[in-house]
Amino acid sequence: MSVAFLWIVTPSVEISNSFGFFDSVRDGNRLLDSSMPVSRDWGSIRAKKSRKQKWNHCSLGTDLNYSSVGGSGLESGSNFPVLSSMVANPAGEMAISSEQKVYNVVLKQAALVKKQLSSSGDLDVKLDIVLPGTLSLLNEAYDRCGEVCAEYAKTFYLGTLLMTPERRRAIWAIYVWCRRTDELVDGPNASHITPSALDRWEARLEDLFQGRPFDMLDAALSDTVVKFPVDIQPFKDMIEGMRMDLKKSRYKSFDDLYLYCYYVAGTVGLMSVPIMGIAPESQATTESVYNAALALGIANQLTNILRDVGEDAGRGRIYLPQDELAQAGLSDDDIFVGKVTDKWRNFMKNQIKRARMFFDEAEKGVTELSAASRWPVWASLLLYRQILDEIEANDYNNFTKRAYVSKAKKLLALPIAYTRSLIPPSRTSSLLTKA
């Protein structure tokens, strides 16, 4: 199942995209080589609060021999604001449970940003102490993250070059962590991953948030979460999405599917808003910008799901609401047979309509971002939304045809995205305004 890295990147097999990061964190079997070595050993340095920490050799994988991750066969022991219904649930179709769970996280992330803005007036927070030798090691850690982005998410990487150096490096660190996390359940060692292995990966996440990174890629993220008001909850929630992939291959309703989409894609928007920054002149509430980020993540993931129906069915997975399939007169057998019928076309039309509603809601928040962050987000949104057009152009055959945006269309979309990125936030925002 493909995971949309929302907010910064462009969708295709060749280049990445998300508030879209990359086409997908997980796209079929096109995964990072977990055995790729790092050029140098990492010596012992002092981490934040003077903790001594050995940074090991690291790879683009997730160091499955490390005790916090585990290897083969390891076993262990209130009512909602209008905005929540409008943005996080534009179709008005979900039960309140999943929406409430997600929106509570949104509120928490927004509160962190508002607290930081009120205390410093900016989202960038510098380390209060830089110990000898640490800076050069961190620079190399960030450079390595940038190399990963440049290789596996070309358009995303180019978009990040428009950002300030601090924001750019922080986004690289988040990108790499999300990609490594995704590899746990869809990478070369996926068959050996158990729930307890994911528990160990979560423990490692908690360590890096406490200033105890295991390797240099962890170190870049550990430094990022000190400099920006990034909370651990979206990262934990992404790991929860990986747990769902280990135990679930069907989703009873859109309420269930929505929660999955939040875990594997909406979380990235919550991670990245503090890095991308909100324009100082924006009149939108912080919560509304986070909701727009969430909407784009959901839209991207729904698009991945609709694009990859045939591919996922080949692995015994159906990421479509079971109740809506039944209402359309369809069953799992129809998915596995893979025949395009009028029933299937009508079903797909409704699914595409819903995804577009989320894209429409996401648009309202892109203009509220800081000027240097808007272009890659607009590029992601415009290009990813075109995948839905391509599904329609294929007569809704997403069983044997993969919808993709041609290079020519991508090139045409990029200047449009750049032009839109120049539009400043409205003084009377279409989102809820600040009190």
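Look up: the structure comes first, before these words.
Residues numbered from 1 in each chain as written. Predicted model: local features only at pLDDT ≥ 70, side-chain atom pairs only at ≥ 80, totals over all residues. Heavy atoms only, no water.

A. Highlighting the state of the cysteines. Counted according to the given criterion, the structure contains zero disulfides. Counting only cysteine sulfurs, Cys 145 is the nearest neighbor of Cys 149, a cysteine outside any disulfide, at a range of 6.9 Å. (Disulfide = S-S within 2.5 Å.)

B. Focus on the pattern of salt bridges. Within this structure, the stated rule accounts for 29 salt bridges. The partner of Glu 361 in a salt bridge is Lys 364, with the nearest N and O atoms 3.2 Å apart. Here Lys 364 and Glu 361 lie together in helix H14 (residues 342-366), a separation of three residues that amounts to about one turn. According to the relative accessible area criterion, Glu 361 is buried, its value standing at 11%. (Salt bridge = Lys/Arg side-chain N within 4 Å of Asp/Glu carboxyl O. Helix = DSSP H or I, 4+ residues; strand = E, 2+ residues; numbered from the N terminus. Buried < 20%, exposed > 50% of the residue type's maximum accessible area, 1.4 Å probe, protein only.)

C. Spotlight on the environment of Asp 332. Position of Asp 332 among the secondary structure elements: in helix H13 (residues 332-337). Separated by twelve residues in sequence, Asp 332 and Leu 320 place their C-alpha atoms 9.7 Å apart. If sequence neighbours within four positions are ignored, Asp 332 has contacts with Arg 250, Ile 318, Gln 322 and Leu 325. (Contact = heavy atoms within 4.5 Å.)

D. Inspection of the packing of aromatic side chains at higher detail. Here the structure, examined in full by the defined rule, presents twelve aromatic pairs. One aromatic cluster is present, formed by Trp 177, Trp 201, Phe 209 and Phe 235 through successive ring pairs. One cation-aromatic arrangement involves Arg 354 over Phe 254; the distance from NZ or CZ to the ring centre is 3.8 Å. (Phe/Tyr/Trp six-rings, centres within 6.5 Å; stacked < 30°, edge-to-face > 60°. Lys NZ or Arg CZ within 6 Å of the ring centre and 35° of its normal.)

E. Seen up close, the side chain of Thr 160. Its place among the elements puts Thr 160 in helix H4 (residues 154-160). A distance of 3.0 Å separates a polar atom in the side chain of Thr 160 from a polar atom in the side chain of Trp 172. (Polar contact = N/O pair within 3.5 Å; in protein donor to acceptor, adjacent residues only side chain to side chain.)

F. Seen up close, the packing of helix H6 (residues 195-209) against helix H8 (residues 233-247). At a closest axis distance of 10 Å, the pairing of H6 and H8 adopts a crossing angle of 170°. By the angle class used here, H6 and H8 are roughly antiparallel. Between H6 and H8, the residues in contact are Pro 195, Leu 198, Asp 199, Trp 201, Glu 202, Leu 205, Glu 206 and Phe 209 and Phe 235, Lys 236, Ile 239, Met 242, Arg 243 and Leu 246, respectively. Across the contact of H6 with H8, the residue classes tally to nine nonpolar, no polar and five charged. (Axes fitted to C-alpha atoms, helices over the stretch in contact; angles between N-to-C directions. Parallel < 35°, antiparallel > 145°, perpendicular 65-115°, else oblique. Nonpolar A, V, L, I, M, F, W, Y, C, P; charged D, E, K, R; others polar.)

G. Spatial organisation of H8. With 15 residues, H8 should cover 21 Å at 1.5 Å per step; its first-to-last C-alpha distance of 21 Å lies within 8% of that length. Every buried residue of H8 is accounted for by Pro 234, Phe 235, Asp 237, Met 238, Ile 239, Gly 241, Met 242, Arg 243, Met 244 and Asp 245. (Expected span 1.5 Å × (residues − 1).)

H. Representation of the packing of helix H10 (residues 286-307) against helix H15 (residues 371-393) within the structure. One can describe the packing of H10 onto H15 by two numbers: an axis separation of 10 Å at closest approach and a directional angle of 30°. The orientation of H10 relative to H15 falls into the category roughly parallel. The hand of the H10/H15 crossing is left-handed. Residue-level contacts link Leu 296, Asn 300, Thr 303, Asn 304, Leu 306 and Arg 307 of H10 to Val 377, Ser 380, Leu 381, Tyr 384, Ile 387, Leu 388 and Ile 391 of H15. Class assignment of the residues belonging to the contact of H10 with H15 gives a composition of eight nonpolar, four polar and one charged. (Left-handed = near helix turned anticlockwise from the far one by under 90°.)

I. Geometry of H6. Here H6 contains 15 residues, and its C-alpha end-to-end distance of 21 Å stays within 8% of the 21 Å for a straight helix at 1.5 Å per residue. Each element contacted by the buried residues of H6 is listed here: helix H5 (165-186), helix H7 (216-227) and H8. Gly 211 sits one or two positions beyond H6 and adopts a positive phi of about 85°.

J. Inspection of a nonpolar patch on the surface at higher detail. A contiguous nonpolar surface patch, about 310 Å² in accessible area, is contributed by Leu 162, Tyr 418 and Leu 422. With respect to the helices and strands, the residue Tyr 418 is situated in helix H16 (residues 407-421). According to the relative accessible area criterion, Tyr 418 is partly exposed, its value standing at 43%. (Patch = residues over 30% accessible without salt bridge, like charges linked within 9 Å, V, L, I, M, F, W, Y side chains within 5 Å. Areas by Shrake-Rupley, 256 points an atom, 1.4 Å probe, with all protein chains shown as cover.)

K. Structural context of unusual backbone geometry. Notably, Asp 395 is not glycine yet its phi reads approximately 60°, a positive angle. Counting through the fold element by element, Asp 395 comes out in the loop between H15 and H16. By relative accessible area, Asp 395 is classed as partly exposed at 37%. If you check the backbone angles, Tyr 396 has positive phi at about 65° while not being a glycine. Relative to the helices and strands, Tyr 396 is located in the loop between H15 and H16. You can call Tyr 396 buried: its relative accessible area is 11%.

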